[in-house]
Amino acid sequence: EAGVAQSPRYKIIEKRQSVAFWCNPISGHATLYWYQQILGQGPKLLIQFQNNGVVDDSQLPKDRFSAERLKGVDSTLKIQPAKLEDSAVYLCASSRGAGETQYFGPGTRLLVL
Amino acid sequence: ILNVEQSPQSLHVQEGDSTNFTCSFPSSNFYALHWYRWETAKSPEALFVMTLNGDEKKKGRISATLNTKEGYSYLYIKGSQPEDSATYLCALRDNAGNMLTFGGGTRLMVKP
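Read on for a plain summary of the structure. (Residues numbered from 1 in each chain as written. Chains lettered and ligands numbered in written order. Predicted model: local features only at pLDDT ≥ 70, side-chain atom pairs only at ≥ 80, totals over all residues. Heavy atoms only, no water.)

### Regarding the sheet that holds strand β3 (residues 19-24) of chain B
All names here are of chain B. Spatially, β1-β3-β8-β7-β6 is the arrangement adopted by the five strands of the open sheet, whose pairing is antiparallel. Two strands bound the open sheet, and with one partner strand each, they are β1 (5-7) and β6 (56-59). Each neighbouring strand pair of the sheet contributes to a mean axis angle of 15°, computed without reference to strand direction. Summarising the sheet, β6 and strand β7 (residues 62-67) pair through four bridges and their orientation is antiparallel. Across the sheet, Glu 56 pairs through a bridge with Thr 65, a residue of β7. (Pairing = 2+ DSSP bridges. Helix = DSSP H or I, 4+ residues; strand = E, 2+ residues; numbered from the N terminus. Axes fitted to C-alpha atoms, helices over the stretch in contact; angles between N-to-C directions.)

Below, the structure written as structure tokens:
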């Protein structure tokens with residue numbers, strides 16, 4: 001089966017610009033996760049969706065980050081406006097259901113100048 | 001939020017060496033411990049899931065153990081190969097079964 005797809009793979013922007021990332025989970029996976037991985041640290045969960053509803057967004061900086069999964073399949077994560085400290089790898093993962101093995105995409109590497 | 005630490009942060013070994021690294025956690029109040037391998041420019045790949053004290057899992061030359069009483073898990077690689085070069089991530093899944101909390105990873109580089 002096809003894995004989790006993400007695009008773009010790399011993005012360079014200047015601070016205060018906006019950026020969006022896209023994720024297509026494994027077919028049939030109800031749960032979708034976005035993680036932020038800053039260099040030298042482990043991935044940190046930003047938001048978890050169950051179908052098109054948000055389960056946990058407690059660590060999402062909501063003043064500048066937003067995410068949606070309108071039809072319960074694909075998801076987008078947006079940063080507006082970006083700051084230097086947002087430079088990171090943004091990983092998307094999906095699982096059949098909450099609590100099941102998570103499968104990761106290759107990530108989007110964001111550099112904010 | 002669960003606390004997970006990994007050591008060392010990075011490790012250089014020669015091809016053929018065996019190596020191990022540690023994932024430590026102060027509390028046994030979690031549902032499962034996961035190990036992932038993350039090669040550069042690829043997706044993190046699930047290696048093992050362990051839930052019980054004393055669990056041991058093996059996949060080829062890689063194995064892992066879990067000691068929940070003393071708060072650690074070891075990942076062993078026997079006879080390291082250059083293709084083992086990657087970042088190895090440990091993560092705890094909370095008792096609600098949803099959230100993964102990752103350690104900072106151990107970056108392994110195997111020299112031919």
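### Describing the interface of chain A and chain B
The partner chain B presents 18 residues to the 24 residues of chain A that form the contact. Overall, the association of chain A and chain B removes approximately 1,600 Å² of surface from exposure, summing both partners, and the carbon and sulfur fraction of that is 55%. Inspection of the chain A/chain B interface yields zero salt bridges. The tally of links between chain A and chain B comes to four residue pairs in polar contact (both at pLDDT 80 or more). Residue classes in the side of chain A that touches chain B are distributed as 10 nonpolar, 10 polar and four charged. (Contact = heavy atoms within 4.5 Å. Buried area = accessible area lost by both parts, 1.4 Å probe. Salt bridge = Lys/Arg side-chain N within 4 Å of Asp/Glu carboxyl O. Polar contact = N/O pair within 3.5 Å; in protein donor to acceptor, adjacent residues only side chain to side chain. Nonpolar A, V, L, I, M, F, W, Y, C, P; charged D, E, K, R; others polar.)

Remember, this is a structural readout, not a statement about activity or role.
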